[in-house]
Amino acid sequence: MNNIVEQIGRLIWEREPDEIVSALNEHISNMTVDEIRKDIAHIHKSIDEAIDSGELQAVEWTTTHKFTNDAYCRDFFVPAGTLIVGKIHHYEHFLFALKGDIIVMSEDGAELVSAPKIFTSKVGIQRIGFALTDTWWAGVFPTEERDIDKLEDGLFSINYEQYLSREGIVNVPPTHD
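Since the structure is predicted, the reported quantities are computational estimates derived from the model, not experimental observations.

Draft legend 1. Highlighting the pairing of strand S10 (residues 135-142). For strand S2 (residues 71-78) and S10, the ladder comprises eight bridges, and the chain directions are antiparallel. Paired with aspartate 75 across the two strands is alanine 138, which belongs to S10. Across five bridges, the pairing between strand S5 (residues 93-99) and S10 is antiparallel. Paired with phenylalanine 96 across the two strands is alanine 138, which belongs to S10.

This is the structure we're talking about:
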């Protein structure tokens, strides 16, 4: 099995959640933002390769879309035991952990997120998470757009190359060394 995926699996299954969070925070404590982003990109690529080779099974889940006059809400369910790499969000927005427990890591550090929790998702942050239990999330974005494809393209990027190549991106987080 892919080395990084195997290491993550051992870390997750052999430790308690608070030990995992501490180990992740220790791992990234002396890293630059660019190094953390590269780690997350490497994990994302490793997961994709393990799925392509049949070593891991892709988990499909449904994202539901809801609208008001000036807001878009997307929510999704992540089954227990799922390792996910999130999209990079182009705009600050509210994020809601509605159900479950998930370990989340980003360039801001690692934490155990236990629902219910409401927080602000910063611009340009990509997260990796491991759902300890069935987890339900929602994000709310101010917009009048109703076309899901246009929303996906306008609100999210899959990787930093795509994110940084977009024209008109504002509030690009600085790279810290």
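Draft legend 2. View of the sheet that holds strand S6 (residues 101-106). Overall, antiparallel pairing links the four strands, which are arranged S3-S9-S6-S7 in an open sheet. The sheet terminates laterally at strand S3 (83-85) and strand S7 (109-114), the two strands that pair on one side only. When the angles between neighbouring strand axes are averaged without regard to direction, this sheet yields 20 degrees. Bridging between S6 and strand S9 (residues 128-131) involves four bridges; their strand directions are antiparallel. Across the sheet, the residue bridging to methionine 105 is isoleucine 128, located in S9. On top of the sheet, helix H2 (residues 17-28) reaches S6 and S7; it is set at about 155 degrees to S7, its chief contact. Across the sheet, helix H3 (residues 33-52) lies against S3, S6 and S9, angled at about 125 degrees from S3, the strand it touches most.

Definitions and cut-offs
- Residues numbered from 1 in each chain as written.
- Predicted model: local features only at pLDDT ≥ 70, side-chain atom pairs only at ≥ 80, totals over all residues.
- Heavy atoms only, no water.
- Pairing = 2+ DSSP bridges.
- Helix = DSSP H or I, 4+ residues; strand = E, 2+ residues; numbered from the N terminus.
- Axes fitted to C-alpha atoms, helices over the stretch in contact; angles between N-to-C directions.
- Contact = heavy atoms within 4.5 Å.

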